[in-house]
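Chain and residue survey
In case you want the letters, here they are:
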Amino acid sequence: VRSRSIVLRRRPNGLPVTDDFELVEAQLPALGDGAFLARLLSIGPDAGVVSRLREGANYRAGIAIGEVIGSNGVAEVIATRNQDVEVGRLLYGPFGWREHEIRESVDGLFDVDPARPLTAPLGLLGLHGLTAYVGLLEIAKPRPGETVVVSAAAGAVGLIVGQLAKIHGCRVVGITGGPEKARRVVQEFGLDACVDYRAAEFPAQLSELCPEGVDIYFDNVGGDIQDAVVPLFNSFGRFVICGRIALTRLTNMELDVGRRDYNTVLVKELRKEGFLVYSHLHRLREAQEHLWRWHSEGRLELPESIVEGFERLPEAFVGMLAGENIGRRIVHIADPEHR
Ligand SMILES: NC(=O)c1ccc[n+]([C@@H]2O[C@H](COP(=O)([O-])OP(=O)(O)OC[C@H]3O[C@@H](n4cnc5c(N)ncnc54)[C@H](OP(=O)(O)O)[C@@H]3O)[C@@H](O)[C@H]2O)c1
């Protein structure tokens, strides 16, 4: 079998561009004893990949030049010499940006629930759902009537957070790029308000939309947007640091310079807490059950922004960073052969 992969061609200088990646093709080796061959069906060009394209320490090791990129995907076992892994088994978890992958174990992977949509583990029922669930419900602990602000509100994590906060009785204000996205977040997903951070009057508009201040800020972006939210915090506010996508354009994260919120954190007795979903994987089943129930009740939706074709992964990834998506960006590669 000949198979294609996408490798890192060079380190991005600021925001990644498609030329930072390269499509390579090679013959797959024969399956050894105990190995199985998985074919990638769909993959999420995860925002978290950005930080791994840089050199140096991060929450996971950086990707070397020439190395295959990796993110969360769904794959089907299409050949096996492993007696514990049958052909047709559907698995999700971390996969390389490669059409086929040879593995010897399913460690770190999960079985896809055949009763639910095949791509659900890449969004609502996967790490994005868990991120929103843990970050909002466990770390921020919303109370009815509180005001929650969420950035990247039209994206995968942000849309789930916004709707979960509504389910828990909060007033929710989203922040997103562009008036059309802001309108859709309110009209289609039930947030109380949403503001376009690209508008010149953004900080003033945000302040107007939060007349009773902010109790929880679920931050997916960092940077100037964060600086606009912090002065609005009420006493005992919770500031959850989930992502820093607005810093992507910096060539070196350490050069991120903005307001110093030290005084506000002290005087308002704020709690500022970062978290990584990987420390909460043991809660995945619990989160899936709750998220699926809310979804079945028609209270929680996560649309998919699908791009067709393996070779378009870099383009889909760069487009997501530029805000093309509403909901979860997914690249569809193939349908299962045995389902
Ligand atoms: N802590 C964790 O364990 C964890 C786990 C998963 C994801 N995350 C983080 O959560 C965040 C959202 O991830 P996601 O996968 O759900 O992506 P997403 O929100 O579906 O897509 C990224 C969105 O970020 C927005 N964006 C891009 N550049 C921006 C900028 N300069 N300023 C403000 N917004 C910008 C874009 O929307 P606009 O049109 O609104 O600009 C884009 O659609 C990311 O920061 C990601 O790294 C963290």
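A quick note: this is a predicted structure, and the numbers were derived from the prediction, not measured.

Another point: the pairing of strand β4 (residues 70-80). Where strand β3 (residues 36-43) meets β4, 7 bridges bridge the pair, whose relative direction is antiparallel. Looking at the pairing, S42 lines up with V74 of β4. Direction of pairing for β4 relative to strand β5 (residues 90-96): antiparallel, over a ladder of 7 bridges. When the sheet's bridge partners are listed, V74 is paired in β5 with Y92.

This part takes up the site of the ligand. Taken together, 30 residues surround the ligand, and among them T176, K181, Y197, V277 and N325 come closest. In this structure, an oxygen atom belonging to the ligand sits 2.8 Å away from a side-chain N or O atom of H128. One nitrogen or oxygen atom from the main chain of N220 is found 2.9 Å from an oxygen atom belonging to the ligand. Alone, the ligand offers 910 Å² of accessible surface; in the complex the protein occludes 91% of this. Contributing elements (two or more residues each) for the shell around the ligand: α2 (127-140), α3 (156-167) and α9 (313-321). Counted by class, the shell around the ligand contains 15 nonpolar, 11 polar and 4 charged residues.

The next point concerns the packing of α2 against helix α8 (residues 284-296). In contact at an axis separation of 9 Å, α2 and α8 are set at 95° when each is read in the N-to-C sense. For the element pair α2 / α8, the angle class is roughly perpendicular. The residues of α8 that touch α2, namely those facing G129, L130, Y133 and L137, are L284, E286, A287, H290, L291 and W294.

A few words on the packing of aromatic side chains. As enumerated under the stated definition, the model contains 7 aromatic pairs in all. Aromatic side chains W97 and F317 sit 5.8 Å apart centroid to centroid with 75° between the ring planes, which places their arrangement in the edge-to-face category. With a gap of 220 residues between them, W97 in the loop between β5 and β6 (100-103) and F317 in helix α9 connect regions that are remote in the sequence. Look at F317 and you get buried, because its relative accessible area is 0%. Relative to F275, the ring of F218 has its centre 6.4 Å away and its plane inclined at 70°; by these criteria the two rings are edge-to-face. Of the two residues, F218 is situated in strand β11 (residues 214-219) and F275 in the loop between β13 (271-274) and α8; the sequence distance between them amounts to 57 residues. Note on F275: relative accessible area 10%, which makes it buried. Taken together, F21, W97 and F317 form an aromatic cluster joined through their ring pairs. Its end group placed over the ring of F95, R103 keeps NZ or CZ at 4.6 Å from the ring centre.

As a further point, take α9. Think of an α-helix as 3.6 residues a turn; residues three or four steps apart then line up on the same face. Counting buried positions over the 9 residues of α9 gives 7, a clear majority of the element. Residues L313, P314, A316, F317, G319, M320 and L321 constitute the buried set of α9. Note on α9: the residue one or two positions beyond its end, G323, has a positive phi of about 90°.

The subject of this paragraph is the environment of F36. Mapping F36 onto the fold places it in strand β3. With 58 residues separating them along the chain, F36 and P94 place their C-alpha atoms 16 Å apart.

A word on the sheet that holds strand β9 (residues 171-176). The sheet built from 6 strands is open, its strands ordered β10-β9-β8-β11-β12-β13 with parallel pairing. Edge positions in the open sheet fall to β10 (193-196) and β13, since each of these has one partner strand only. Neighbour-to-neighbour, the strand axes of this sheet turn through a mean angle of 15°, independent of strand direction. On the sheet, helix α4 (residues 179-189) packs against β9 and β10 and is oriented at approximately 170° with respect to β10.

Criteria and thresholds
Residues numbered from 1 in each chain as written. Predicted model: local features only at pLDDT ≥ 70, side-chain atom pairs only at ≥ 80, totals over all residues. Heavy atoms only, no water. Pairing = 2+ DSSP bridges. Helix = DSSP H or I, 4+ residues; strand = E, 2+ residues; numbered from the N terminus. Near = heavy atom within 4 Å. Polar contact = N/O pair within 3.5 Å; in protein donor to acceptor, adjacent residues only side chain to side chain. Areas by Shrake-Rupley, 256 points an atom, 1.4 Å probe, with all protein chains shown as cover. Nonpolar A, V, L, I, M, F, W, Y, C, P; charged D, E, K, R; others polar. Axes fitted to C-alpha atoms, helices over the stretch in contact; angles between N-to-C directions. Parallel < 35°, antiparallel > 145°, perpendicular 65-115°, else oblique. Contact = heavy atoms within 4.5 Å. Phe/Tyr/Trp six-rings, centres within 6.5 Å; stacked < 30°, edge-to-face > 60°. Buried < 20%, exposed > 50% of the residue type's maximum accessible area, 1.4 Å probe, protein only. Lys NZ or Arg CZ within 6 Å of the ring centre and 35° of its normal.

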